[in-house]
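# Examining the three-dimensional arrangement
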Amino acid sequence: MASVEFQNVTKSFGTFNAVSDISFKVADGEFICLLGPSGCGKTTSLRMIAGLETPSSGKIMIGPDDVTHLHPKDRQISMVFQDYALYPHMNLADNIAYPLKVRGESVEKRHKRAKEVADVLKIGDLLNRLPSQISGGQQQRTSLARALVYPSRVYLFDEPLSNLDAKLRLEARGFLNHLQRDMGMTAVYVTHDQAEAMALATRIAVMDRGRIVQFAPPIEIYRRPATTFVANFVGNPPMNMIPVEGTVDGERLQLRAHGVLVRDLPISQGIKAALGKGAGLTLGVRPEHLSMGTINDVNMVSGKLFANENMGPEKLVTFERQDGGRVTARIFTDDAVETTENVAFTFDGAHATLFDAEGKRIPADGEMPL
Amino acid sequence: MRLSFPQLLARIGFSALAAIIGILFALPLIWFIFAPFNARAELGIAIPDPWTLQNFLTVFGNGFAMRGLLNSLIQSVGGVILVAAAATLAAYALSRSSIPGKSIVTYVLLLFSSVVSGTAAMVPIFLIVSSVGLMDTHIAVILVFAGGLLPTAMFILRDFIDGIPKTYEESAMVAGASPVQAFFDVALPVIRPGIVVVVVWAFVNIWGSFLIPFILLRSDDLMPSSVAIYSFYSEAGTPIVTLLAAYSLIYSLPVVALYLFVSWKFGFRFFGGIKA
């Protein structure tokens with residue numbers, strides 16, 4: 001296992017910068033997720049670690065070595081591909097053992113090792129099959145087995161679960177998490193599924209248009225999203241974002257918008273500075289922090305009922321404020337939402353996140369690290 | 001389902017028409033199967049009476065014609081190996097590399113290919129081959145065929161390789177394979193069905209071609225079957241139907257055998273990526 005480091009790495013295709021001047025370090029044994037929408041540069045970054053793309057500028061280190069211009073075969077890394085890239089003409093044993101074959105191991109030795117790894121992944125009795133003769137989940141585990149069959153410094157994952165159906169994906173995700181705890185592998189994992197990133201990563205790098213917007217542990221990404229982009233991307237359903245007008249009333253902050261009246265928020269230096277500029281604020285509240293209330297509550301968001309979805313353990317109630325902005329609440333009670341036209345929800349001021357006009361989160365005074 | 005009377009009539013009419021067209025196409029084939037075994041074969045179809053192998057015995061006694069089969073084989077196999085090897089490497093490079101304007105290169109080549117082996121280019125080809133000093137050699141025939149068939153072969157294969165995910169070779173290289181290892185271990189076996197198609201296509205093209213060997217060769221002992229078949233014409237230029245039929249049957253067997261072999265061994269099927 002080894003660390004991975006990006007030093008001012010830029011990758012451009014023609015005039016388009018897929019990755020713009022990013023720097024970060026993955027410590028030995030860390031599981032990092034690169035999270036972002038398609039086209040944000042996460043896969044390009046991963047492919048640069050693998051050596052499948054060469055940076056236009058900057059430096060990439062694996063452990064103590066500068067690998068920027070090293071051929072993939074010399075990097076001692078493993079990679080699991082989105083389409084699994086299983087060789088259709090080889091049976092599973094030969095597929096899994098291929099990395100050992102190119103390392104010059106004997107047939108007996110590599111088939112023995114392939115069997116060991118396959119047994120761990122519960123595909124040990126399929127070794128004589130061709131990739132086309134096994135299910136998608138088994139193909140996924142075969143590609144994982146091929147990545148695990150030889151000692152590797154860094155494990156790279158390019159959306160390895162996105163071709164699985166929902167149930168298998170959860171199962172595979174749990175297994176990957178178990179594997180990480182077991183092996184303590186250094187891993188870089190690319191995904192656009194925020195739930196996957198939250199579940200697996202020790203730290204998440206949220207990327208947008210070729211840059212890293214926030215690089216932090218999942219809980220911090222979730223509770224303190226650095227920008228409105230991160231807040232929107234992480235969480236399902238995403239954080240509710242409401243543009244508001246702020247006024248200071250004594251030592252408390254008041255926020256107003258159509259259908260919104262928030263009267264009890266603490267004031268911070270950042271808020272004062274943002275209000276001083278005269279620009280508006282954005283109030284962010286996660287759906288699970290909204291609970292049913294009345295229009296007389298201290299912190300109140302209200303509107304006309306738009307949708308009421310029963311998810312089993314929870315309900316998603318979406319309502320539309322007067323200006324058309326929609327807000328979703330996630331409530332865990334068994335109480336039926338009254339099918340009145342108008343609904344009102346309330347939240348604890350501690351759960352409110354405020355963003356300035358540029359979309360950056362305004363920190364509270366004396367904020368402690370999570 | 002019950003059909004109305006006009007519908008029924010239309011259907012009968014259509015079937016009858018289809019049958020007549022089918023028979024028209026089948027007639028030469030039926031002749032082709034019967035005539036070689038008939039000592040008195042003519043251009044009309046007749047069931048041999050009695051069946052005889054006499055025609056074949058006479059053909060086997062014709063050294064020029066038999067030598068022609070061997071020459072056809074040499075030229076076809078030589079041409080096929082050259083075309084398949086060169087087209088695979090070229091198409092792989094064209095598909096995988098990021099050379100700007102590579103598709104224009106392919107299309108221009110394709111356009112010129114019809115010129116290179118076409119009748120219009122026969123005089124320049126003759127002059128080139130003659131000035132290089134390859135006149136009257138197998139190599140000349142093989143090279144000219146390769147030149148003519150390569151662009152189309154490259155085009156077919158490039159399209160095929162374009163449809164194969166790059167991740168095959170990428171995963172091999174990440175796993176420790178050199179580009180050459182990745183090509184031979186992973187890419188080549190996956191491309192093989194495409195190569196087989198090119199092999200069959202090139203073989204049939206060279207095997208059946210008359211003009212190029214006729215122009216580039218002079219010695220009797222280098223002529224392929226397509227030229228040697230004229231030894232079954234009388235001096236007045238009329239075909240000796242019995243021998244011609246027997247020789248034609250022998251001449252067509254390698255192509256039929258190749259098709260059967262390929263469809264048994266490879267089944268003309270393609271594997272692309274694995275469906276998830």
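Residues numbered from 1 in each chain as written. Chains lettered and ligands numbered in written order. Predicted model: local features only at pLDDT ≥ 70, side-chain atom pairs only at ≥ 80, totals over all residues. Heavy atoms only, no water.

Selection rule: UniProt positions are given in the numbering used here, feature names are shortened, and annotations may be inferred rather than shown by experiment.
If you look chain B up in an unreviewed UniProt entry, it shows as ABC transporter permease from Devosia insulae DS-56. The Sequence similarities (unreviewed entry) comment attached to chain B in UniProt states, word for word, "Belongs to the binding-protein-dependent transport system permease family." Its UniProt record gives chain B a comment under Subcellular location (unreviewed entry), which states: "Cell membrane".

## Some words on the interface of chain A and chain B
A common measure of how large an interface is: the accessible area buried when the components associate. Operational definition: When checking whether two residues touch, look at their non-hydrogen atoms; a contact exists if any pair is within 4.5 Å. Summed over both partners, the accessible surface that disappears when two parts come together, traced with a 1.4 Å probe, is what is meant by buried area. When a carboxyl oxygen of Asp or Glu lies within 4 Å of a side-chain nitrogen of Lys or Arg, that pair is called a salt bridge. Under this definition, polar contacts are N or O atom pairs within 3.5 Å; protein pairs additionally need one hydrogen-donor-capable and one acceptor-capable atom, and for neighbouring residues in sequence, both atoms have to be side-chain atoms. Secondary structure elements follow DSSP: runs of H or I of four or more residues count as helices, runs of E of two or more count as strands, with numbering from the N terminus. The classification used treats Ala, Val, Leu, Ile, Met, Phe, Trp, Tyr, Cys and Pro as nonpolar, Asp, Glu, Lys and Arg as charged, and all other residues, Gly among them, as polar.
Taken together, the contacts link 27 residues of chain A with 23 residues of chain B. Considering only the surface of chain A that becomes buried against chain B, K73, P88 and H89 of chain A emerge as the three largest contributors, covering 24% of it. Inspection of the region where chain A meets chain B yields two salt bridges. The salt bridge partner of R47 of chain A is E170 of chain B, with a shortest N-O separation of 2.7 Å. On the surface where chain A and chain B come into contact, there are eight residue pairs in polar contact (both at pLDDT 80 or more). Put simply, the parts of the chain that give the side of chain A that touches chain B at least two residues each are helix 1 (42-50), strand 6 (77-80), helix 2 (92-102) and helix 4 (136-148) of chain A. The biggest single contributor to the side of chain A that touches chain B is helix 2 of chain A, with four residues. Class assignment for the residues of the side of chain A that touches chain B results in 16 nonpolar, five polar and six charged.

## Thoughts on helix 11 (residues 241-265) of chain B
Note the cut-off: Given the number of residues in a helix, its expected span is that number minus one, multiplied by 1.5 Å. The quantity called bend is, for any residue, the angle between two axes fitted respectively to the seven residues ending at it and the seven beginning at it.
If you check helix 11 of chain B, its first and last C-alpha atoms are 36 Å apart, about what 25 residues at 1.5 Å a residue would give, namely 36 Å. Most pronounced at L253 of chain B, the bend in helix 11 of chain B amounts to some 30°, and the proline P254 of chain B follows within four residues.

## Re the sheet that holds strand 10 (residues 211-216) of chain A
All names here are of chain A. How we decide: When DSSP finds at least two bridges between two strands, those strands are taken to pair. Angles shown run from 0 to 180 degrees and are taken between the N-to-C directions of axes, each axis being a line fitted to C-alpha atoms and, for helices, limited to the stretch in contact.
Taken in spatial order, the six strands of this open sheet run 6-7-8-3-9-10, and their pairing is mixed. Only two strands of the sheet have a single partner each, and these edge strands are strand 6 and strand 10. The sheet shows a mean angle of 20° between the axes of neighbouring strands, taken without regard to direction. Pairing between strand 7 (residues 154-158) and strand 8 (residues 187-191): four bridges, direction parallel. By the bridge assignment for strand 8, Y155 is matched with A187.

## A word on the nonpolar core
This is how it is decided: Residues belong to a common nonpolar core when they are buried Ala, Val, Leu, Ile, Met, Phe, Trp, Tyr or Cys residues joined through side-chain atoms within 4.5 Å. Residue exposure (1.4 Å probe, protein chains only): buried if accessible area is under 20% of the type maximum, exposed if over 50%, otherwise partly exposed.
Formed by 99 residues in total, the largest nonpolar core has its most connected members in F6 and L156 of chain A together with I191 and L216 of chain B. Of all the elements, helix 8 (residues 179-207) of chain B adds the most residues to this core, at 14 residues. If sequence neighbours within four positions are ignored, L156 of chain A has contacts with L46, I49, A50, I77, S78, M79, V80 and V188 of chain A. Of all hydrophobic cores here, the second largest spans 47 residues; its members include L92, A93, I123 and L164 of chain A.

## Here's the deal with the sheet that holds strand 1 (residues 4-13) of chain A
All names here are of chain A. Pairing is antiparallel in the open sheet, where four strands are placed in the order 2-1-4-5. Each edge of the sheet is formed by a strand with only one pairing partner; in this case those strands are strand 2 (16-26) and strand 5 (65-66). Pairing of strand 1 with strand 4 (residues 57-62) involves five bridges; the strand directions are antiparallel. Bridging from a neighbouring strand, T10 pairs with S57 of strand 4. Set on the sheet, helix 1 makes contact with strand 1, strand 2 and strand 4; between it and strand 1 the angle comes to about 115°.

## A word on unusual backbone geometry
Here N236 of chain A and P237 of chain A are connected by a cis peptide whose omega angle stands at -5°. One can find P237 of chain A in the loop between helix 8 (228-233) and strand 11 (240-249). Of note, the bond from D49 of chain B into P50 of chain B is cis; its omega dihedral lies within 30 degrees of zero at 0°. Mapped onto the elements of the fold, P50 of chain B is located in the loop between helix 1 (5-34) and helix 2 (54-60).

## Points about the domain arrangement of chain B
All names here are of chain B. Rule in force here: Here the bounds of each domain stem from an automatic or database domain assignment.
The assigned domain composition of chain B is domain 1 (5-52) and domain 2 (67-265). Domain 1 and domain 2 are separated by 34 Å when their C-alpha centres are compared. Of the residues lining the interface, eleven residues belong to domain 1; the matching set on domain 2 comes to seven residues. Approximately 620 Å² of surface area, both sides summed, lies buried where domain 1 meets domain 2, with 86% of it carried by carbon and sulfur atoms. Counting across the domain 1 and domain 2 interface gives zero salt bridges.

## What to know about the layout of surface pockets
Condition: Of the two site types, the cavity is a set of points on a 1 Å grid over the protein atoms alone where a 1.4 Å probe fits but cannot get out, and the pocket is an open set with protein on both sides within 12 Å along at least five of seven lines, each lined by residues with an atom within 4 Å of a point. Grid points are joined across faces, edges and corners, and a volume is the space filled by probe spheres set on the points.
Quantified by volume, the largest pocket comes out at close to 560 Å³. As for the largest pocket, its lining consists of 24 residues, and the residues nearest its centre are A350, A352, T353, R361 and A364 of chain A. Shared between two domains, the lining of the largest pocket takes at least three residues from each, and those domains are domain 1 (4-229) and domain 2 (240-355) of chain A. Here the second largest pocket defines a volume of roughly 460 Å³. Lining the second largest pocket we find 16 residues, and of these L52 of chain A together with R96, K166, E170 and M173 of chain B sit closest to its centre. Counting only elements with at least two residues in the lining of the second largest pocket, the list comes to helix 3 (63-96), helix 7 (167-174) and helix 8 of chain B. With three residues, the single largest contributor to the lining of the second largest pocket is helix 7 of chain B. Across the lining of the second largest pocket, the residue classes break down as six nonpolar, four polar and six charged.

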